[in-house]
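Inside the fold
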Amino acid sequence: MCKMSEWLYSDIVKDHFMHPKNVLEDEDSYQADGKGIVGNIRCGDQMLVAIKVKEGRIQDCRWKTYGCASAIASTSILSEYVKGKTLEEAYKVTPQDIVEHLGGLPDHKIHCSVLGDKALRAAIEDYYKRNGLEGKLEKEPAVVICTCMDITDKDIEEAVKKGAKTYEELQNMTKIGTVCGQCKEKSLELLHEYNHLYGE
């Protein structure tokens, strides 16, 4: 059992973990304008974000998270951070924004903040779809990860959705890193992140 003196997180993370804000207590009675859920309990973390929208701004943001201290704290501070923001502003919130407002996270826990940002975007997308505003949905531009084979982050994401769990499986499906191999480190980061989101 680790001692509190060995706690690796900031006081802000500790506060949002011990006293989380805006937890969704009763999902059935909360009349959300948009809901988003990402992650997989089998992989350790899953997040549900529900929003209420008024005049194009997030009026309220509630959430449920199954996961570690970082996942809980990340979602808690996210729910506070986006209140009052326009949907466009909230959609652009990044994991880096969340980590910064938490006063930092251990490197191996950064992926937990990615879940929060993805769940929020999914909730905003759900709101747009419910209201016939699909045209407002922004498509994130693909980022080339492997320049030799022209493989993007979207290609990696799709491969994981289709079942790629290891680097070897990813290579077999996309041919990434089969020329110079300089993209391997970034590929592994994305593989881990997407497996965390979509893995079974």
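Scroll up to find the structure this text is about.
First, a word on scope: everything that follows refers to the structure included in this document. (Residues numbered from 1 in each chain as written. Predicted model: local features only at pLDDT ≥ 70, side-chain atom pairs only at ≥ 80, totals over all residues. Heavy atoms only, no water.)

Let us look at the environment of Val143. In this fold, Val143 is placed in the loop between helix H5 (110-130) and strand E4 (144-146). Overall, Val143 belongs to the partly exposed group, its relative accessible area being 45%. In this view, Val143 contacts Ile151, Thr152 and Asp153; residues no more than four positions away in its chain are not counted. (Helix = DSSP H or I, 4+ residues; strand = E, 2+ residues; numbered from the N terminus. Buried < 20%, exposed > 50% of the residue type's maximum accessible area, 1.4 Å probe, protein only. Contact = heavy atoms within 4.5 Å.)

Bringing the side chain of Asn195 into the picture now. Along the chain, Asn195 turns up in helix H8 (residues 184-198). In this structure Asn195 comes out as buried when scored by relative accessible area, which is 14%.

Below, the discussion takes up the packing of aromatic side chains. Aromatic ring pairs are reported here in terms of the distance separating the ring centres and the angle at which the planes meet. This structure, assessed with the given rule, holds one aromatic pair. Here Tyr127 and Tyr128 contribute two aromatic rings whose centre-to-centre distance is 6.0 Å and whose plane-to-plane angle is 55°, an arrangement assigned as tilted. One exposure class covers both Tyr127 and Tyr128, and it is buried. A cation over an aromatic ring shows up here: Lys52 above the ring of Tyr30, its NZ or CZ 4.6 Å from the ring centre. A cation sits over an aromatic face here: Arg121 above Tyr91, 5.3 Å from the ring centre. (Phe/Tyr/Trp six-rings, centres within 6.5 Å; stacked < 30°, edge-to-face > 60°. Lys NZ or Arg CZ within 6 Å of the ring centre and 35° of its normal.)

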